[in-house]
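Remarks on the overall topology
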Amino acid sequence: MTVLELRNIYKTYNQGEYAVPVLKDVSLKVEEGDFLAIMGPSGSGKSTLMNIIGCLDRQSSGEYYFDGESVQEKSDNDLADLRNRSIGFVFQNFNLLPRESARENVELPLVYAGINPKERRERAEKALRDVGLEDRMEFNPTQLSGGQKQRVAVARAMINNPRILLADEPTGALDTKSGEQLMRLFTELNSNGMTIVMITHEPEVAQYAAKTVIIRDGVLLDSGREDYSDGL
């Protein structure tokens, strides 16, 4: 089953009198259970592409379908609901609230979804156990290592059982060992059926994905492991 499909996506930003093209005729299909890595150098358009996939930005032209429904037809409120219900986000810098505990950070999407406090707590605790943080639930982010913070972020991303997990340079702020642990966690999630789309500039991280595509100068190139590190 197709989770998302981009058809002939263009994205242009206006800077004064100039129009700056960022994405050019991008088409991409992600099937349920895929683990896709998107690689590209700085300025290639990969973050813009991820923002469009995650419904954080809108394309200038082209079509985007999520679970068969047209995304461009949705209102801002509908997009916010789609993000909270169906898309889990993992960012390079964790995006955790520093004064809230790990459990309270994981509960946040459930707060927005209107889930009652008892159920929120139970689901957050299970999510933290699932990522190996059962002994860190009441720790604040300042008391956690980088790898532990990112596992909290993964638990938060997974709390609503999303259709897809989007990870933007998820190992960028981690040491090598923590990065490897995170990628093993992603591999386990994918083996259990989670669809993952990941941005990375690191070939050793992209190797964990089942498929890699390259973006350069706003153009999505053919996939292929044999050349994905060329020029990156």
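Quick note: structure is the one above.
Now for a quick tour of the structure. (Residues numbered from 1 in each chain as written. Predicted model: local features only at pLDDT ≥ 70, side-chain atom pairs only at ≥ 80, totals over all residues. Heavy atoms only, no water.)

1. Considerations on the nonpolar core
In plain terms, the rule: Nonpolar core, defined: a set of buried Ala, Val, Leu, Ile, Met, Phe, Trp, Tyr and Cys residues in which side-chain atoms within 4.5 Å join the residues together. Type-normalised accessible area, obtained with a 1.4 Å probe on protein chains alone, sets the label of each residue: buried when under 20%, exposed when over 50%, and partly exposed for intermediate values. Helix and strand assignments follow DSSP, with helices taken as H or I runs no shorter than four residues and strands as E runs no shorter than two, numbered in order from the N terminus. In this analysis, two residues are considered to be in contact whenever any of their non-hydrogen atoms come within 4.5 Å of each other.
With 39 residues, the main nonpolar core has Leu128, Val154, Leu165, Phe186 and Met198 as its most contacted residues. Those elements that place two or more of their residues in this core are strand 3 (35-39), helix 3 (102-112), helix 4 (117-130), helix 5 (146-158), strand 7 (164-168), helix 6 (176-191), strand 8 (195-199) and helix 7 (203-206). A total of six residues in this core trace back to one element, the largest contributor, which is helix 5. Ignoring anything within four residues of it in the chain, the contact list for Leu165 reads Gly88, Val90, Ala157, Met158, Phe186, Leu189, Met194, Thr195, Ile196 and Val197. Core analysis: the second largest hydrophobic core is formed by 29 residues, Leu6, Leu28, Leu166 and Ile215 among them.

2. Things to note about the pattern of salt bridges
Going by this rule: The term salt bridge refers to a pairing of a side-chain nitrogen on Lys or Arg with a carboxyl oxygen on Asp or Glu at a separation within 4 Å.
Taken as a whole and judged by the stated rule, the model has 16 salt bridges. Residues Arg85 and Asp81 are paired through a salt bridge, measuring 3.2 Å at the closest nitrogen-oxygen approach. With Arg85 and Asp81 both in helix 2 (residues 76-86) and four residues apart, the pair spans about one turn of that helix. Taking relative accessible area as the criterion, Arg85 reaches 45% and is therefore assigned partly exposed. Across the salt bridge formed by Arg120 and Glu107, the nearest N and O atoms sit 3.6 Å from each other. Taken as a pair, Arg120 in helix 4 and Glu107 in helix 3 lie far apart in primary sequence, 13 residues in all. Each member of the pair, Arg120 as well as Glu107, carries the same accessibility label: buried.

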